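# Fold and contact review
Residue strings, one per chain:
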Amino acid sequence: MRSRSPLRPAAAGIVIAILAVLVLAADQLAKTVAIDTLPPERVVPVLGDALQFYLVRNPGAAFSLGEGVTWVFTIALAVVAGVIVFLAVRRVRSRLWAVVLGLLLGGVLGNLTDRLVRAPGFPVGHVVDFISTPWMMPAIYNVADIFIVSMMISVAILVLAGLRFDGTRETRASRAADADGDVEPSPEQGTR
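Residues numbered from 1 in each chain as written. Predicted model: local features only at pLDDT ≥ 70, side-chain atom pairs only at ≥ 80, totals over all residues. Heavy atoms only, no water.

## A short note on helix α3 (residues 95-117)
Under the convention used in this document: The helix and strand labels rest on DSSP assignments: H or I over at least four residues marks a helix, E over at least two residues marks a strand, and numbering proceeds from the N terminus. To estimate how far a helix should reach, multiply one less than its number of residues by 1.5 Å. Any pair of nitrogen or oxygen atoms within 3.5 Å is treated as a polar contact; in protein, a donor-acceptor pairing is required on top of that, and neighbouring residues in sequence qualify only through side-chain atoms on both sides.
For α3, spanning 23 residues, the distance from its first C-alpha to its last is 32 Å, which sits close to the expected 33 Å at 1.5 Å a residue. The backbone nitrogen of Leu96 has a side-chain oxygen 3.3 Å away, supplied by the residue at the start of α3, namely Ser94.

Here is the structure:
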């Protein structure tokens, strides 16, 4: 199987930016539709108990934790977005990493946008949540949350699989070489 050459820096940045904008737009559109059409804090069955809509404005993090320190979540989201942009510009050359980080950035920007522009105001806005799957977890979430959670799982998988930001794959031989100070890739390290 022939391996692909790594992405150029501009290409990786473009992939990340396009995906982030698409996720951000989908998240904000879904939240706008939810606000305009759903009754606040009332269950609206979509697929029985499997999927329900329940519109709330969440001042905290997951499960409404930290309601009194909303500004901390705003700072954390901004830092995560900054780190992803830094990686996009400086390190990412792998197509898989570009896709995962682009989708993650879109999710982060979706909730950060709520913190910055929604009531009660900058930087303590409440995040709009409206999706409920009681059979799976007792949380109410949104489109951005879906991308954040699924892409963080994807990050863990890529790390465990040994795929580096540049597209090379970490192997036992490469770990031993890195430990010895030799940073040249071994022949079995392919790119993706």
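Anyway, onward from the coordinates.
## Section: the pairing of strand β2 (residues 51-58)
How we decide: Strands pair, by our definition, only if DSSP identifies at least two bridges between them.
Pairing of strand β1 (residues 44-47) with β2 involves three bridges; the strand directions are antiparallel. Across the sheet, residue Val44 finds its bridge partner in β2, namely Phe53. Hairpin connection of β1 to β2: three residues between the antiparallel strands, including Gly48 at a positive phi of 60°. When β2 meets strand β3 (residues 127-132), the two strands line up antiparallel, connected through five bridges. Counted as the bridge partner of Gln52 is Ser132 from β3.

## Focus: a nonpolar patch on the surface
Applied cut-off: Patch membership is restricted to residues that have no salt bridge and whose relative accessible area is over 30%. Joining uses 9 Å for like charges and 5 Å for the nonpolar side chains Val, Leu, Ile, Met, Phe, Trp and Tyr. All accessible-area figures derive from a Shrake-Rupley calculation using a 1.4 Å probe, and residue coverage is judged against the displayed protein chains alone. By definition, a salt bridge exists where a carboxyl oxygen of Asp or Glu is found within 4 Å of a side-chain nitrogen of Lys or Arg. Three exposure classes are used, based on accessible area relative to the maximum for each residue type with a 1.4 Å probe and protein chains only: buried under 20%, partly exposed in between, and exposed over 50%.
Residues Val69, Trp71, Val72, Ile75, Val79 and Val83 make up a contiguous nonpolar surface patch of roughly 500 Å² in combined accessible area. Mapped onto the elements, Val83 comes out in helix α2 (residues 70-90). Assessed through its relative accessible area of 44%, Val83 is described here as partly exposed.

## Observations regarding the sheet that holds strand β4 (residues 140-141)
An order of β1-β2-β3-β4 is seen for the four strands of this open sheet, with the pairing classed as antiparallel. Both edges of this open sheet fall to β1 and β4, since each of them pairs with a single strand only. Of the pairings in the sheet, the one linking β3 to β4 comprises two bridges and is antiparallel in character. Across the sheet, Ser132 pairs through a bridge with Ile140, a residue of β4.

## Some details on the UniProt feature "active site" (unreviewed entry) in the chain
To keep it simple, the criterion reads: UniProt positions are given in the numbering used here, feature names are shortened, and annotations may be inferred rather than shown by experiment. Every residue pair with non-hydrogen atoms within 4.5 Å of one another is taken to be in contact.
As recorded in UniProt, the sites labelled "active site" (unreviewed entry) are Asp129 and Asp145. Spanning 17 residues, the named residues form one tight spatial group whose C-alpha atoms are at most 8.9 Å apart. Considering the arrangement of structural elements, one finds Asp129 in strand β3. Apart from the residues within four sequence positions on either side, Asp129 is in contact with Tyr54, Leu55, Val56, Asn58, Ile140, Tyr141, Asn142 and Asp145. For Asp129, the side chain forms a polar contact with the side chain of Asn58, separated by 3.3 Å. Along the chain, Asp145 turns up in helix α4 (residues 143-161). If sequence neighbours within four positions are ignored, Asp145 has contacts with Asn111 and Asp129.

## Structural notes on the UniProt feature "transmembrane region" (unreviewed entry) in the chain
Within the UniProt annotation, "transmembrane region" (unreviewed entry) is assigned to residues 68-89, 96-113 and 139-163. Annotated as residues 96-113, this span is 100% helix and 0% strand, and its ends, taken at the C-alpha atoms, are 26 Å apart. A distance of 32 Å separates the end C-alpha atoms of residues 139-163, which is 76% helix and 8% strand.

## Considerations on the environment of Arg90
Mapped onto the secondary structure, Arg90 falls in helix α2. On the accessibility criterion, Arg90 (57% relative accessible area) is exposed. The spacing of Arg90 and Ala12 is 78 residues in sequence and 9.8 Å in space, taken between C-alpha atoms.

## Quick notes on the nonpolar core
Inside soluble globular proteins, nonpolar side chains tend to come together where they are buried. This is how it is decided: In plain words, nonpolar cores are sets of buried Ala, Val, Leu, Ile, Met, Phe, Trp, Tyr and Cys residues tied together by side-chain atoms within 4.5 Å.
Counting 27 residues, the largest nonpolar core has Ile16, Val92, Trp97, Leu101 and Leu104 as the members making the most contacts within it. At nine residues, α3 tops the list of elements feeding residues into this core. Listed in part, the eight residues of the second largest apolar core include Ala34, Leu55, Val128 and Tyr141.

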